[in-house]
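Residue strings, one per chain:
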Amino acid sequence: MFSMLCTRFTFVSLFLISICSQAAEHPRDHEMEQLLSIGFEALTTVTVASKKEETIDHAPGVINVVTAEEIQRYGARNLRDVLNRQTHIQIVGSNLFPHNRTGLRGVTLTHVETDVLLLLNGRPIRDSGNSSANQDLYSSFPIETIKQIEIIRGPGSVLYGTNAFAGVINLITKKAPDTPEGNVSFSYGSFDTKKGTLSGGGTFGDFEFYGAITGIDNEGDDFNNINGEFGTTGKYKTGFNGENILLNAKFKGLTLNALLSDSTTDHGKSILSLPSDDYNLDREFIDIGYVHEFNDDWQASFNYGYHRYQDDFKLGAFGLTQESEGKDYLTELSLQGKLTENINLLVGATYNLQKNTATVGDVDLTSRHKNAYLQADYQMTDWLKLIGGLQYNNPDDVDSDYSPRLAAIFKLNDQWDLKLLYGEAFRQATTVERVLDVPGVIVGDFGLSPETIKTFDAQILYSGRRGSFSATYFRSKHEELITRVGVAPQQIVNAGEIEYEGVELEGKFNIGHGFNFIGNMSYQTNEDDNDNDDVTYAPDLMLKAGVSYESMKGYEFSVFNSYFAASTLQNDEVTTVTANNKDADSYNLLTANVRINLGQAFNDSTLANTTFSLYGDNLLDEDIYFPSINRQSVSSLPHNKGRGFYATISVDF
C-alpha cells in the first residue's frame, strides 16, 4: 500500500507540474510571471536553519514555510489549525494537557513539548520544569500577526540546544510598517466561540514596533458518558479562554520580543476523572537583544531571555492541587560573518539558569546549563555547498556531550537541488524527571542522561516558475529514552532505543486561472530495540491537500482535507491502551474557507479595507478520538470538536 501511495502521489505531483507549465494565463497571474519564473524556493528566505537569511534551497535542513497569505487563504481559528496541515505534523495531547504539543516524524511519546522547539522570531520558548505545556500557544497565539512560519523537520540542537530534537518551529511576526497602521478583527462561531484581536504598529524614526492584543472565549464541545480511569463516567468539556499580548520592537541595534499569556483550559485532570476541571497557565516571555555590526561582513549578537511559566491543576479525584512555577534565564552571545568570499562562520555560547518549584513531589531546584556551538558553510563550487556544525552541551551533574551537523547541498541545475544531511540532537531531562519524588508513586533520577537522536536526510527539490515539489527520505535513531519503568513506585530512567524510517512528499503549485494547489504525504515506521513495531503514538500515514480559488472580484474559496491514519501504538500487543471510549480510528479533518473583500465585492471604496470570512471546521462531522498520551492505561479521548462554523470581520486602518 505504501509503495502504491508513493507512486500515485508522485505521478499526480509531476502531472500537476506539467499542467502548471502549460496553463493559460489568468489576468491576475501576469503581474507575477517574471517572479515566478525564478522559482519558489529561490524567492523564499528563512533564518531558522543557520540564524541568518538564506533561501530554502541553500539551507542545511528539511524546511517548509507557511506564509501569511496561505494562512488567510485556507483559514484557521488558531495555530493548531495551521500546523495540522503541515507535512508530518499532528498536534496531540492528553487528558491533562489537551492539544499541547507537536507530534513530528513519529516522535510522539509524551504529552509535553519535549521533541519540538518553538521559537518566536528566532528566540526559544521552553519551560525547563516540564519541557512545556503549550496549549495556550496552539489555541490563542494571534495568527493574524504571523508573517511566516519556518518549520525544520529533523534535528536542530546544533544551534538551539535541548528540545530541538525532532524539529523546530519558528514563528516570525510581521515587521513594523513604514507608517502607522493596524487591524481589528472579531470572530464569532459555533460552541459560543468569541475572539477579538487588535494588531498594528509603525515606524517613528529609529524606533519600530509591531504588536497585538488577543482575547478568546470558547465554551467548547461537551462529550457525555466519557469513561474515566477508575470507573467514573461523566462530561468531558473542551472549552478554552485566554488572553495574549505580543510585542516586537526595535531601536537601532536593540530588539525586544515579548509574549504574555494567561489561559484556562478544560481538561480531565492528571488522573482522568470527570467532570472536567480547569487547567490554568500563566506565561511571561521576554527576550532583549542587541546586534552590533562591525562592518558589512561581521556582526555580533547578544540576547538575554526571561521565561516565567506557572500552572496549576487537580491531580485527580483525590482533591489534590499541583502548583508549579519555572523561571528560565537564558543568556546568549554569538558572532557571525565571512572568513573568505566563500566561507561563512557562526560561533556562539549560551548560559541557562533555571529555577523550578512544585508543591507535589517537593520539587525545588536551581540548575545551570552551559552550551557552545559553531557552524561553517563553504560554497566549494557553483554547484556544491558544504556545511558543518557542532554544539557542546554541558548540563548540571551530567557528563558533557556533543551534537554535530553535516550537510552537502548540490545545485543540479536551475530547477533541481539535492540535499544530503546528517544531524544529531538532544533533549535533557526536565526538573520534574530529575527530582520528582512522590512516595510509593513515582521517583525521578537526578543523574538522567539526555535523550539523543541521530538523523540522516536525503531530499530532492524542484522549484519552477509555477510551483515547487520535494521528496525526502529520513532515518533516525533515538537513544537513551527517558521513560518510566516498574510499578509502586515507577522509576524514571534512561532505557531503550527506537529507530524511525520514513518518506515525505510535498508540493505547492499555482495552477493558473486563479487556482492554487498545496499537498503533502508522509509515511513512517518505527521499531524499538526489542523488535516491537509501531511503539509511539504517531500515525504511520498522513495525507493532506488543499485547493483554493481567487477571483478578480474580491473573493477567495478554499478547501483543505487532512487525513490521519489511526495511532499505531493502540494496535500493538505490547501496549496497555484500552478502548473504554470510542476507538481512536483514522480520521479526515475537512475544512473550508470563504474570504471576501467587501470593497471589491460591492464596488464600494469605503469598504476597501474590510474583509469578511467564513471558516468551516470538521465539515464531515466525524467523531475524532485519540489515545491520551499521559497514561497508557487510559482510553482514547475526544480530539476535535464537531462540525463548526466561524465568521470573522476584519478591518485595516
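As the structure is a prediction and not an experimental result, all values here were calculated from the model. Each residue is numbered by its place in its chain's sequence as written, counting from 1. A pLDDT threshold of at least 70 governs which residues receive local features in this predicted model, and a stricter bar of 80 or more applies before side-chain atom pairs are shown or counted, although totals over entire chains, interfaces and linings include all residues. Excluded from the side-chain calculations are hydrogens and water; all other atoms, namely the structure's heavy atoms, are used.

What follows covers the overall build of the protein. Within the protein one finds nine helices and 39 strands. Against the 2.2 N^0.38 benchmark of 26 Å for 653 residues, the protein shows a C-alpha radius of gyration of 24 Å, consistent with a compact globule. Reported as C-alpha extents along the three principal axes, the dimensions of the protein are approximately 70 × 55 × 55 Å. Residues classed as buried in the protein amount to 58% of the 653 residues present. Contacts between residues were defined by any pair of non-hydrogen atoms, one from each residue, lying within 4.5 Å. Partitioning the intrachain contacts of the protein with sequence separation of at least 6 by distance along the chain shows that 64% fall at a separation of at least 24. Using a 1.4 Å probe, accessible areas were evaluated by the Shrake-Rupley method; residue-level cover was limited to the displayed protein chains. By element, 55% of the accessible surface of the protein is carried by carbon and sulfur atoms, the whole surface being about 26,200 Å². Charged side chains of the protein number 51 positive and 87 negative; the gap between the two group centres comes to 3 Å. A helix here means a DSSP run of H or I that spans at least four residues, while a strand means a run of E at least two residues long, and both kinds are numbered starting from the N terminus. The quantity called the radius of gyration is restricted to C-alpha atoms. Its globule counterpart is 2.2 Å times the number of residues to the power 0.38. With a 1.4 Å probe rolled over the protein chains alone, any residue whose accessible area is under 20% of its type maximum counts as buried; one over 50% counts as exposed, and the rest are partly exposed. We count Lys and Arg on the positive side and Asp and Glu on the negative side, and we leave His and both chain ends out. A charge is said to be at NZ when it belongs to Lys, at CZ for Arg, at CG for Asp and at CD for Glu.

To form a nonpolar core, buried Ala, Val, Leu, Ile, Met, Phe, Trp, Tyr and Cys residues must be joined to one another through side-chain atoms within 4.5 Å. Within the largest apolar cluster, 34 residues are counted, with the highest numbers of intra-cluster contacts made by Leu79, Leu83, Leu120, Ile149, Ile169 and Leu259. Listing elements by their share of this core, those giving two or more residues are helix H5 (79-83), strand E4 (89-92), strand E6 (116-120), helix H6 (135-140), strand E8 (146-153), strand E9 (167-173) and strand E31 (498-512). Leaving out residues up to four positions away in the same chain, Leu259 has contacts with Leu120, Ile125, Leu137, Phe141, Asn244, Ile245, Leu246, Arg283, Glu284 and Phe285. Listed in part, the 18 residues of the second largest apolar core include Val48, Leu117, Val168 and Tyr373.

The next thing to look at is unusual backbone geometry. With an omega of 10°, the peptide bond between Leu274 and Pro275 qualifies as cis. Relative to the assigned elements, Pro275 resides in the loop between strand E16 (254-267) and strand E17 (277-293). Even without a glycine there, the phi angle at Asn225 is positive, about 60°. Looking at where Asn225 falls in the secondary structure, it is placed in strand E13 (residues 222-227). Unlike most non-glycine residues, Asp621 shows phi in positive territory, near 55°. Overall, Asp621 belongs to the partly exposed group, its relative accessible area being 38%.

One requirement defines pairing of two strands: DSSP has to find at least two bridges between them. Strand order in this open sheet of four strands is E25-E26-E30-E29, and the pairing throughout is mixed. The sheet terminates laterally at strand E25 (437-438) and strand E29 (482-485), the two strands that pair on one side only. Relative to strand E26 (residues 442-443), E25 runs antiparallel, the two sharing two bridges. Residue Asp437 lies in a different strand from E26, and its bridge partner there is Val443.

The residue Asp604 is located in the loop between helix H9 (598-601) and strand E36 (610-617) in this model. A relative accessible area of 27% places Asp604 in the partly exposed class. Each C-alpha atom, one on Asp604 and one on Lys235, is 49 Å from the other, the two residues being 369 residues apart in sequence. Side chain to side chain, Asp604 and Thr606 meet in a polar contact 2.6 Å long. Under this definition, polar contacts are N or O atom pairs within 3.5 Å; protein pairs additionally need one hydrogen-donor-capable and one acceptor-capable atom, and for neighbouring residues in sequence, both atoms have to be side-chain atoms.

With burial as the criterion, each face of strand E5 (residues 101-104) is covered, one bearing Arg101 and Gly103 and the other bearing Thr102 and Leu104. As judged from the four bridges shared by E4 and E5, these two strands associate in the antiparallel manner. Across the sheet, Gln90 pairs through a bridge with Gly103, a residue of E5.

The subject of this paragraph is a negative patch on the surface. Patches draw on residues past 30% relative accessible area with no salt bridge. Two like charges within 9 Å are joined, as are two nonpolar side chains (Val, Leu, Ile, Met, Phe, Trp, Tyr) within 5 Å. Within this document, salt bridges are pairs made up of a side-chain nitrogen of Lys or Arg and a carboxyl oxygen of Asp or Glu, the two lying within 4 Å of each other. Among the surface-exposed residues, Glu527, Asp529, Asp531 and Asp533 lie close enough to one another that they form a single negatively charged patch. Given the relative accessible area of 58%, Asp531 is considered exposed.

What follows deals with the packing of aromatic side chains. Any Phe, Tyr or Trp ring, taking Trp's six-membered ring, that has another such ring centre within 6.5 Å forms a pair; planes under 30 degrees apart are called stacked, those over 60 apart edge-to-face, and the others tilted. For the structure on display, the rule yields 14 aromatic pairs. On the basis of an interplanar angle of 75° and a centroid distance of 5.2 Å, the ring pair of Phe97 and Tyr279 is categorised as edge-to-face. Linking Phe97 in the loop between E4 and E5 with Tyr279 in strand E17, this pair joins segments that are 182 residues apart in sequence. For Phe97, a relative accessible area of 1% puts it in the buried group. Ring geometry for Tyr392 against Tyr402: centres 5.5 Å apart, planes inclined by 50°, an arrangement best described as tilted. With Tyr392 in strand E22 (residues 384-394) and Tyr402 in strand E23 (residues 401-411), this residue pair connects regions lying ten residues apart in the sequence. A relative accessible area of 28% means that Tyr392 is categorised as partly exposed. Site record: aromatic cluster; members linked through ring pairs are Phe97, Tyr279 and Phe313. Its guanidinium or amino end placed over the ring of Phe560, Arg85 lies 5.5 Å from that ring's centre, counting from NZ or CZ. Only when the NZ of Lys or the CZ of Arg is both within 6 Å of the ring centre and within 35 degrees of the ring normal is a charge said to sit over the ring. Between the NZ or CZ atom of Arg434 and the centre of the ring of Phe446, over which it lies, the distance is 4.3 Å.

Here the structure, examined in full by the defined rule, presents 35 salt bridges. Lys195 is paired through a salt bridge with Glu144; the nearest N and O atoms lie 3.3 Å apart. Here the residue Lys195 occupies a position in strand E11 (residues 193-204), and Glu144 occupies one in the loop between H6 and E8, the gap between them amounting to 51 residues. Here Arg643 and Asp621 are joined by a salt bridge, their closest N and O atoms 4.0 Å apart. With a gap of 22 residues between them, Arg643 in the loop between strand E38 (636-638) and strand E39 (644-652) and Asp621 in the loop between E36 and strand E37 (625-627) connect regions that are remote in the sequence. For Arg643, a relative accessible area of 40% corresponds to the partly exposed category. Among the charged side chains, a salt-bridge network with shared partners connects Arg105, Arg153, Asp457, Glu504 and Glu506.

With that settled, consider the side chain of Thr203. Inspection of the secondary structure assignment puts Thr203 in strand E11. Looking at Thr203, its side chain comes within polar contact range of the main-chain oxygen of Pro177, at 2.7 Å. The residues touching Thr203, leaving out its near neighbours within four places in the chain, are Ala176, Pro177, Asp178 and Glu208.

In short, geometric facts, not functional conclusions.
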